[in-house]
Amino acid sequence: MKSWAFLFPGQGSQYVGMGREFYENYPEVRELFTQANDLLGMDITRLCFEGPDEVLVLTENVQPAITVVNLACLTVLQLHAIHPVATAGHSLGEYSALYAAGVVDLADVLGLVKHRGHYMQEAAQAEPGAMAAIMELESERLEEICRICDVEVANINCAEQVIITGPNEPVKRAMAMSNDAGAKKCVQLNVSGPWHSRCMASARDKFATVVHQCRFHDPKIPVVNNVDGKPLVDAAELPEKLIRQLCNSVLWHQSMDYLVQPGHTHFVEVGPKKVLRGLMRRINRDAKTFNVEDPASLTAFLQANQ
């Protein structure tokens, strides 16, 4: 048996039908979805399995939906006696990681992501914006372009991929400047708001009230936070980190470097799609990385764990 660090995906990994096969095969997963429907006050089961996509993709819907599917995949791994030795989650995925580390219970984690999605959608409607992936541009040059165009870095996903965020026109200017500066590729993302930017300030302020009403516990295993790429020391420092995360950069590359340094070599993405698996291959090619989102990927993972 190997030691696995669990990685949880965030917004953008959703698809209609996610989690359905585990739901059909595991009564524990069906019970999780039933509890989630009640706690969220919405039919998350139907949303995940039937969509439609244009409804699922709405931020206030997709955040609880992905979280429940992440936790469903976690439940299946636990049923196979696979438990994480460390964990991290990308943006929204950080909440699943906190649950896996024993920091937050089911009711609070679902309440947090439901409010987070709602407030972020409100903020995006009040201050519309865009996000773009900038591929293979020297970091100091991109930082200079961000200053000139008055946009921000949303995610440092790996050395070759940085996501920028901000109002629509400044993001377009930054994309054009990045192209001129030699970026291999610049792609505007299909998102409904400028996440992880100052445009989320109103969401951050409203969300702070919700965060402070939750009860957090000290982590049972290392859980690396997005805002600083470092592990959570204790429950007391978490509220500030979660509140800051709404407007701050997701330091994913730094977070993965932190996990690799002490010798973690085996990683599994727990949730829909393979985005984080792909990023880890770019960050550290020596790391063994799998994903678990359905019975087929579970079988491949369990074979690798023998």
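Check the entry above for the structure.
The rules we used
Residues numbered from 1 in each chain as written. Predicted model: local features only at pLDDT ≥ 70, side-chain atom pairs only at ≥ 80, totals over all residues. Heavy atoms only, no water. Phe/Tyr/Trp six-rings, centres within 6.5 Å; stacked < 30°, edge-to-face > 60°. Buried < 20%, exposed > 50% of the residue type's maximum accessible area, 1.4 Å probe, protein only. Axes fitted to C-alpha atoms, helices over the stretch in contact; angles between N-to-C directions. Helix = DSSP H or I, 4+ residues; strand = E, 2+ residues; numbered from the N terminus. Parallel < 35°, antiparallel > 145°, perpendicular 65-115°, else oblique. Contact = heavy atoms within 4.5 Å. Pairing = 2+ DSSP bridges. Salt bridge = Lys/Arg side-chain N within 4 Å of Asp/Glu carboxyl O. Core = buried A, V, L, I, M, F, W, Y, C linked by side-chain atoms within 4.5 Å. Patch = residues over 30% accessible without salt bridge, like charges linked within 9 Å, V, L, I, M, F, W, Y side chains within 5 Å. Areas by Shrake-Rupley, 256 points an atom, 1.4 Å probe, with all protein chains shown as cover.

*Asks:* Tell me about the packing of aromatic side chains, and please be specific about residues and values.
*Replies:* Taken as a whole and assessed by the stated rule, the structure comprises nine aromatic pairs. For the ring pair F6 and F8, a centre distance of 6.5 Å and an interplane angle of 65° mean the geometry is edge-to-face. Accessibility classification places F6 together with F8 in one group, the buried group. A ring pair is formed by F22 and Y26, whose centres lie 5.8 Å apart and whose planes are at 75°; its orientation type is edge-to-face. According to the relative accessible area criterion, Y26 is buried, its value standing at 16%. Put simply, the rings of W4, F290 and F301 touch in pairs and so form one group of aromatic residues.

*Asks:* Quick rundown of the packing of helix 12 (residues 252–260) against helix 13 (residues 275–283)? Include the residues and the values.
*Replies:* Viewed as axis vectors pointing N to C, helix 12 and helix 13 meet at an angle of 70°, and their least axial separation amounts to 11 Å. The angle between helix 12 and helix 13 places the two elements in the roughly perpendicular class. For the pair helix 12 and helix 13, the contacting residues are W252, H253, M256 and D257 in the first and L276, L279, M280 and I283 in the second.

*Asks:* Please give an account of the sheet that holds strand 1 (residues 4–8) that cites residues and values.
*Replies:* The parallel open sheet is built from five strands, whose spatial order is 7-2-1-8-9. Edge positions in the sheet fall to strand 7 (223–224) and strand 9 (288–292), since each of these pairs with one other strand and no more. Sheet topology note: the strand 1/strand 2 (residues 84–89) ladder contains five bridges and is parallel. Paired with W4 across the bridge in strand 2 is P84.

*Asks:* Let's hear about the pattern of salt bridges: which residues, and what values?
*Replies:* Between side chains of opposite charge, pairing is possible as soon as their charged atoms come close. Inspection of every chain in the model, using the stated rule, returns 11 salt bridges. One salt bridge connects K206 with E122, and the closest N-O pair in it is separated by 2.9 Å. On the criterion of sequence distance, the pair formed by K206 in helix 10 (residues 201–212) and E122 in helix 7 (residues 106–126) is long-range, its members being 84 residues apart. Given a relative accessible area of 29%, E122 falls into the partly exposed group. The partner of R244 in a salt bridge is E240, with the nearest N and O atoms 3.8 Å apart. Of this pair, R244 and E240 are both found in helix 11 (residues 238–245), four residues apart, which corresponds to roughly one turn of the helix. Each member of the salt-bridge network shares a partner with another, and the members are D150, E152 and R198.

*Asks:* Help me get a handle on the nonpolar core, residues and values and all.
*Replies:* Across soluble globular proteins, nonpolar side chains have a tendency to be buried as a group. Counting residues in each nonpolar core, the largest one holds 73 residues, and the members touching the most others are F6, F33, I44, L112 and F216. Broken down by element, the residue count for this core peaks at 11 residues, all from helix 5 (residues 59–79). Non-local contacts of I44, meaning those with residues more than four positions away in its chain, are made with F33, A36, N37, N61, P64, A65 and V68. The next biggest cluster of nonpolar side chains, apart from the first, holds 17 residues, and it includes L7, C158, V250 and W252.

*Asks:* If you had to explain a nonpolar patch on the surface to someone new, which residues and values would you point to?
*Replies:* Taken together, the side chains of V55, V57 and L58 define a hydrophobic patch exposed on the protein surface, amounting to about 180 Å² of accessible area. If you trace the backbone, V57 turns up in the loop between helix 4 (53–56) and helix 5.

*Asks:* An account of the environment of V69 is needed here, citing residue identities and associated values.
*Replies:* Secondary-structure assignment places V69 in helix 5. For V69, a relative accessible area of 1% corresponds to the buried category. Placed 37 residues apart in sequence, V69 and L32 show a C-alpha to C-alpha distance of 9.5 Å. When near neighbours in sequence (up to four residues on either side) are disregarded, V69 contacts M18, G19, F33, C48 and P272.

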